[in-house]
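In case you want the letters, here they are:
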Amino acid sequence: MESALTARDRVGVQDFVLLENYTSEAAFIENLRKRFKENLIYTYIGSVLVSVNPYKDLEIYTKNHMERYRGVNFYEVSPHIYAVADNSYRSMRTEGKDQCILISGESGAGKTEASKKILQYYAVTCPASEQVQTVKDRLLQSNPVLEAFGNAKTLRNDNSSRFGKYMDIQFDFKGAPVGGHIINYLLEKSRVVHQNHGERNFHIFYQLIEGGEEDLLRHLGLERNPQQYQYLIKGNCPKVSSINDRSDWKVVKKALTVIGFSENEVEELLNIIASVLHLGNVQYGGEDSNACITSDIQIKYLPRVTLVLSVFACLHLSLTFLSLCVFHHQLMSPLNLEQASSARDALAKAVYGRTFTWLVNKINTSLTYTGDSSKNYSVIGLLDIYGFEVFQHNSFEQFCINYCNEKLQQLFIELTLKSEQDEYEAEGITWEPVQYFNNKIICDLVEEKFKGIISILDEECLRPGDASDLTFLEKLEDTVGGHAHFVTHKLADAKTRKVMGRDEFRLLHYAGEVNYNVNGFLDKNNDLLFRNLKEVMCMSENKILTQCFNREELSDKKRPDTAATQFKASLAKLMEILMSKEPSYVRCIKPNDSKQSGRFDEVLIRHQVKYLGLMENLRVRRAGFAYRRRYEVFLQRYKSLCPGTWPNWDGKLSDGVSTLVKHLGYKPEEYKMGRSKIFIRFPKTLFATEDALETRKHSLATKLQAGWKGYSQKCKYQKLRNSAIAVQAWWRGILARRRAQRRRQAANTIRRFIKGFIYRHKERCPENEYFLDYVRYSFLMNLCKNLPKNVLDKSWPTPPAALTEASEHLRKMCMQNMVWSYCKKISPEWKHQMEQKMIASEIFKDKKDNYPQSVPKLFVSTRLDGENINPKVVQALGSEKMKYAVPVTKYDRRGYKPRPRQLLLTANSAVIAEEGKLKQRIDYGTLKGISVSSLSDGVFVLHVPSEDNKQKGDVVLQSDHVIETLTKIAICADKINTININQGSIKFTMGQGKEGIIDFTPGSELLVAKAKNGHLSVTAPRLNSR
């Protein structure tokens, strides 16, 4: 905690005891404000935790935070609700004494949330087993159930607890939670029948209506509209933006199951809740002195949901008549409208109040420790109870609540002073009596037998005659009118009378003055229920109601205790419980009334600081010494401030602390030395020490940094140097070994090479195998680098004699591989072209002069496209597909006159066409052969059978593309071997047994004409010499 003092100007001090001006309320509130602005909502007053509601989620309740506070000294970490919870738990475990944590504050200050955080801390950090986990779950799930039935929306808080709660958590010897027990105090039953404007009834009513299933609501006779029920519309606030009744209903139903409620118990419980709503809708009419029920629909629902079907008439009668027993005779007295309404409301309050008590007992049953009863268990109690309340209108409830807070303040002061005195005595320091306001005088004023306000109130409730709230006030004036802390309008001075009503009395509490209005005191204190209504409830078949309304009440003639007396007795038992335990305190503060995060209402907080008695608490805590720590902790933290204790102190701890404080210049009145602790009286002394430590830290840090840097750099240098030497030695050895190995290998290689060269002409033997292998390797490596680049490259390295045969095989394989690679890359079109070229080469190579000129020219698929062929020709061909077409010149058989024709090749025949006519068709099967000269002319003869009457003789044609044309004919007719290349002349049949001759002579230019001898003379230039 001391480490945070250096930032005290910004975030304040973590412990109000360390405030220099501790008597100043302004300084107290300013410290709260600084911490609140920094989201530091927790501050200590010694061991008391002050908590300010942030009205927003803070990331300080995670499992990591729980582990941070687990098992850590109370003052070693910053203030937190977990620190209080862990300190109580460790004290219970180590000292073996029961603990309790008292949580108090205004409505909306965060008391319920604080108790939840404590339960969650124990659920996470305590040892667990399967049975223990069940208890943990039930402890946690008891919260939503009790909140549903005991909390409500008020003007100050949307989830205000309308009852006090004390919960015991039982731990076994291992420290695991194994059970629990809950005691409830002073449920605000009046809220069932009446709510102030802007407030709501208890949550369970709205949760049932909003979240209940349709079948359930139909069974209970309820509608999904809270405006339909008189008990829910008094506050005119059925919906609240911050509350989701539908989801809360699911949480409550799940929690009831976890706690152990059976389906029948849940059904009967909801029947009772519905009956309260129906009861509120019972309306009265008739004359003033004789009331009657006018809302028959609602009264009919009551017997069904409360299971008093057989006594419907009794219920109806009990709500309009009072049963009196006079001289052993039963008399029925009619109720007027006001009395009937009061009876109805009293029944509703009694049913709900007793059901709530049954609910708490049921939860206690589920939390009961089921282990070996002979084994002792330890207890941590949680008291979540209302803080001091001062409203504009204060009634009986505020009187009881403030009386409770007086008792708790009395207990707190006594236990605080006792713990202080015990610590002083244990440390051997003289105890100085502390002056403080002893509020026992106020407690006696309220609870003293026969003379106290409660006794007078009971007496007024019990006495015969016309007793009223005003007669009660008059009796107070007569009995306690002279008390210094009691004032009424009649007894007050003129100035006080201006702010007091005639029906009010004022009590001067420890936290301030409060005016109480006596109207309603007697009725609320009596809290009576007509006997005949009790009888009807006892007849119910609802098992919960039969437990709540015991038939023994009917036979018991003794008048039940009043509400104030019951509360006084339960409070006395609570004080006994708390006195038997070691207490811890949590004081909750609400920062503003509008529930806004970040808003700090100084006036409201000053009011709460006053009524929580925090300044009185701080004054008592500071009456002695503001700061105390064990010697070892103090010396460990501040030993660096004294050369005699730095860096280590080897002697007694007390001597070391004495040496340290003398060096720091502490004056005798500023501190005391105990047996195991040092006590410092003034915060300024501690602040000066902490500031000196902060200054000293810089020089220490510089020295530590310098020493560490020097040491680390020296170590680093030595490490690097040693590493470098090791690496150098290792690397030098490697280099030397490599050089020696290379020299040996080189010498061996040279020796083997020379010997191999000498024996190179002999058969392979150990002497020459290296040399021969080297020769082979050299040839193969040279071959690898000088392989032919393509199929036309004929270069090849000269092999050694031993590899001649292998070289030839490799050359063939290489050529085959290149050819295969080349062929693999050829496209289908190019392949077809090559096949035609191959056929042309086979036929004409070295045989015809103009063949070499045709080689580089690609063959085309046809020389005539569709536009050049007459459609009639195409039609005459019919279904025959034309494979090739080329323009040719035909020479007549008589006179050799040239005529232009078209040669068309199909799959089965060659067709000669003239314009739109088919002049001649030559089937490939009848084609005897083809003749062509060896010169460069384009004349060729198609030989056909002379006996074929369809043919007129052989056909003499000339084509400009004779190589391509004849190749195409040879392929289509499959007549590759029937093409004859002649030199000199070609004979052909002219028809009718006559023969014709074509003479071929070389010349300077191409000339075709009929010679004088009657032959066809063809002169063609010779392009190549064969």
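Keep in mind the model is a prediction, meaning the values are calculated, not measured. (Residues numbered from 1 in each chain as written. Predicted model: local features only at pLDDT ≥ 70, side-chain atom pairs only at ≥ 80, totals over all residues. Heavy atoms only, no water.)

Helix and strand counts for the chain come out as 34 helices and 31 strands. Its C-alpha radius of gyration of 60 Å places the chain more than 25% over the 31 Å reference for a compact globule of 1026 residues. Expressed as lengths along the three principal axes of its C-alpha atoms, the size of the chain is roughly 180 × 95 × 60 Å. Here the chain, with 1026 residues, has 49% of them falling under the buried criterion. Taking the contacts inside the chain whose residues are at least 6 apart along the sequence as the reference set, 63% of them involve residues at least 24 apart. Carbon and sulfur atoms form 51% of the exposed surface of the chain, whose accessible area is close to 52,100 Å². Computed over 146 positive and 118 negative side-chain charges, the separation of the two mean positions in the chain equals 14 Å. (Helix = DSSP H or I, 4+ residues; strand = E, 2+ residues; numbered from the N terminus. Rg over C-alpha atoms; globule rule 2.2 N^0.38 Å. Buried < 20%, exposed > 50% of the residue type's maximum accessible area, 1.4 Å probe, protein only. Contact = heavy atoms within 4.5 Å. Areas by Shrake-Rupley, 256 points an atom, 1.4 Å probe, with all protein chains shown as cover. Lys, Arg positive; Asp, Glu negative; His and termini not counted. Charge placed at Lys NZ, Arg CZ, Asp CG, Glu CD.)

Within the largest apolar cluster, 103 residues are counted, with the highest numbers of intra-cluster contacts made by Tyr122, Phe149 and Phe205. A domain split of this core shows at least three residues from each of domain 1 (126-157 + 184-369) and domain 2 (402-555). Not counting the four nearest positions on each side in its chain, tyrosine 122 is found in contact with Ala85, Ser88, Tyr89, Ile101, Lys136, Ile169, Phe171 and Ile380. Within the second largest apolar cluster, 89 residues are counted, among which are Val48, Tyr166, Tyr516 and Met615. (Core = buried A, V, L, I, M, F, W, Y, C linked by side-chain atoms within 4.5 Å. Domains from an automatic or database assignment.)

Pairing is mixed across the open sheet formed by 7 strands, whose spatial order is β1-β2-β16-β3-β12-β6-β7. Pairing within the sheet leaves two strands with one partner each, and these edge strands are β1 (42-45) and β7 (177-185). Between one strand axis and the next, the sheet turns by 20° as a mean value, whatever way the strands run. Here strand β3 (residues 99-105) pairs with strand β16 (residues 582-589) via 7 bridges, running parallel. Looking at β16, one finds that glutamine 99 is bridged to glutamate 582. Of the strands in this sheet, β1, β2 (48-52) and β16 touch helix α2 (residues 25-37), which is tilted by about 150° from β1. (Pairing = 2+ DSSP bridges. Axes fitted to C-alpha atoms, helices over the stretch in contact; angles between N-to-C directions.)

Now for the packing of aromatic side chains. As enumerated under the stated definition, the model contains 28 aromatic pairs in all. In textbook terms, an aromatic cluster arises when at least three aromatic residues are bridged by ring pairs, as seen for Tyr61, Tyr69, Tyr82, Tyr89, Tyr121, Tyr122 and Phe171. The residue whose ring lies beneath arginine 760 is phenylalanine 757, and the NZ or CZ to ring-centre distance is 3.9 Å. (Phe/Tyr/Trp six-rings, centres within 6.5 Å; stacked < 30°, edge-to-face > 60°. Lys NZ or Arg CZ within 6 Å of the ring centre and 35° of its normal.)

Attention now moves to a positive patch on the surface. Together, Arg738, Arg739, Arg742 and Arg743 make up a region of like positive charge exposed at the surface. Inspection of the secondary structure assignment puts arginine 739 in helix α28 (residues 683-758). Its relative accessible area of 40% is what places arginine 739 among the partly exposed residues. (Patch = residues over 30% accessible without salt bridge, like charges linked within 9 Å, V, L, I, M, F, W, Y side chains within 5 Å. Salt bridge = Lys/Arg side-chain N within 4 Å of Asp/Glu carboxyl O.)

Time to look at the side chain of glutamine 398. As for its placement among the helices and strands, glutamine 398 is situated in helix α14 (residues 396-427). Among the polar contacts made by the side chain of glutamine 398, one reaches the main-chain amide nitrogen of serine 395 at a distance of 3.0 Å. The residues contacting glutamine 398, other than those within four sequence positions of it, are Glu389, Phe391, His393 and Tyr516. (Polar contact = N/O pair within 3.5 Å; in protein donor to acceptor, adjacent residues only side chain to side chain.)

So, on to the sheet that holds strand β19 (residues 677-680). If you walk across this open sheet you meet the 3 strands as β17-β19-β18, and the pairing is antiparallel. What marks the edges here is a single partner per strand, and that holds for β17 (627-630) and β18 (671-673). Between one strand axis and the next, the sheet turns by 15° as a mean value, whatever way the strands run. Alignment of β18 against β19, held across 3 bridges, turns out to be antiparallel.

A side chain of one charge can pair with a side chain of the opposite charge if their charged atoms are brought near each other. This model, assessed by the stated rule, comprises 33 salt bridges. Arginine 162 serves as the salt-bridge partner of glutamate 188, at 2.6 Å between the closest nitrogen and oxygen. Taken as a pair, glutamate 188 in the loop between β7 and α7 (203-211) and arginine 162 in the loop between β5 (160-161) and β6 (164-171) lie far apart in primary sequence, 26 residues in all. The exposure class of glutamate 188 is buried, given its relative accessible area of 17%. The network of salt bridges with shared partners includes Arg162, Glu188, Arg191 and Glu199.

What follows covers the pairing of strand β23 (residues 917-923). Bridge count between strand β22 (residues 909-914) and β23: 6 bridges; the pairing is antiparallel. Residue pairing for β23: alanine 913 is matched across the bridge by leucine 918. Hairpin connection from β22 to β23: 2 residues lie between these consecutive antiparallel strands, with glutamate 915 at a positive phi of about 50°.

As annotated in UniProt, the feature "binding site: ATP" (unreviewed entry) corresponds to Gly105, Glu106, Ser107, Gly108, Ala109, Gly110, Lys111 and Thr112 in the numbering used here. The contact partners of glutamate 106, leaving out residues within four places of it in the chain, are Lys111, Arg156, Phe388, Cys588, Lys590, His607 and Gln608. Inspection of the secondary structure puts alanine 109 in the loop between β3 and α5 (111-125). The residues touching alanine 109, leaving out its near neighbours within four places in the chain, are Asn53, Cys588, Ile589 and Lys590. (UniProt positions renumbered as here; feature names shortened; annotations may be inferred.)

Here we take up the side chain of asparagine 143. Among the structural elements, asparagine 143 can be located in helix α6 (residues 130-150). Setting aside residues up to four positions removed in sequence, asparagine 143 forms contacts with Lys116, Leu119 and Lys165.

The geometry of helix α10 (residues 263-280) relative to helix α13 (residues 337-367) is characterised by a closest axis approach of 9 Å and an angle of 160° between their N-to-C directions. With respect to their mutual orientation, α10 and α13 come out roughly antiparallel. In this structure, α10 crosses over α13, and the sense of that crossing is left-handed. Every residue of α13 that contacts α10 at Glu265, Leu269, Ile272, Ile273, Val276, Leu279 and Gly280 is listed here: Arg344, Leu347, Ala348, Val351, Tyr352, Thr355, Trp358, Leu359 and Lys362. For the contact of α10 with α13, the per-class residue count stands at 11 nonpolar, 2 polar and 3 charged. (Parallel < 35°, antiparallel > 145°, perpendicular 65-115°, else oblique. Left-handed = near helix turned anticlockwise from the far one by under 90°. Nonpolar A, V, L, I, M, F, W, Y, C, P; charged D, E, K, R; others polar.)

Looking now at the domain arrangement of the chain. Annotation of the chain at the domain level lists domain 1 (126-157 + 184-369), domain 2 (402-555), domain 3 (630-736), domain 4 (768-824) and domain 5 (829-1020). Averaged C-alpha coordinates put domain 3 and domain 4 at centres separated by 84 Å.

Taken together, the side chains of Phe753, Tyr774, Tyr777 and Met781 present a nonpolar region at the surface, about 390 Å² in accessible area. Considering every element that reaches the nonpolar patch, the biggest residue donor is helix α29 (residues 769-785), with 3 residues. Relative to the helices and strands, methionine 781 resides in helix α29. Residue classification places methionine 781 among the partly exposed positions, given a relative accessible area of 33%.

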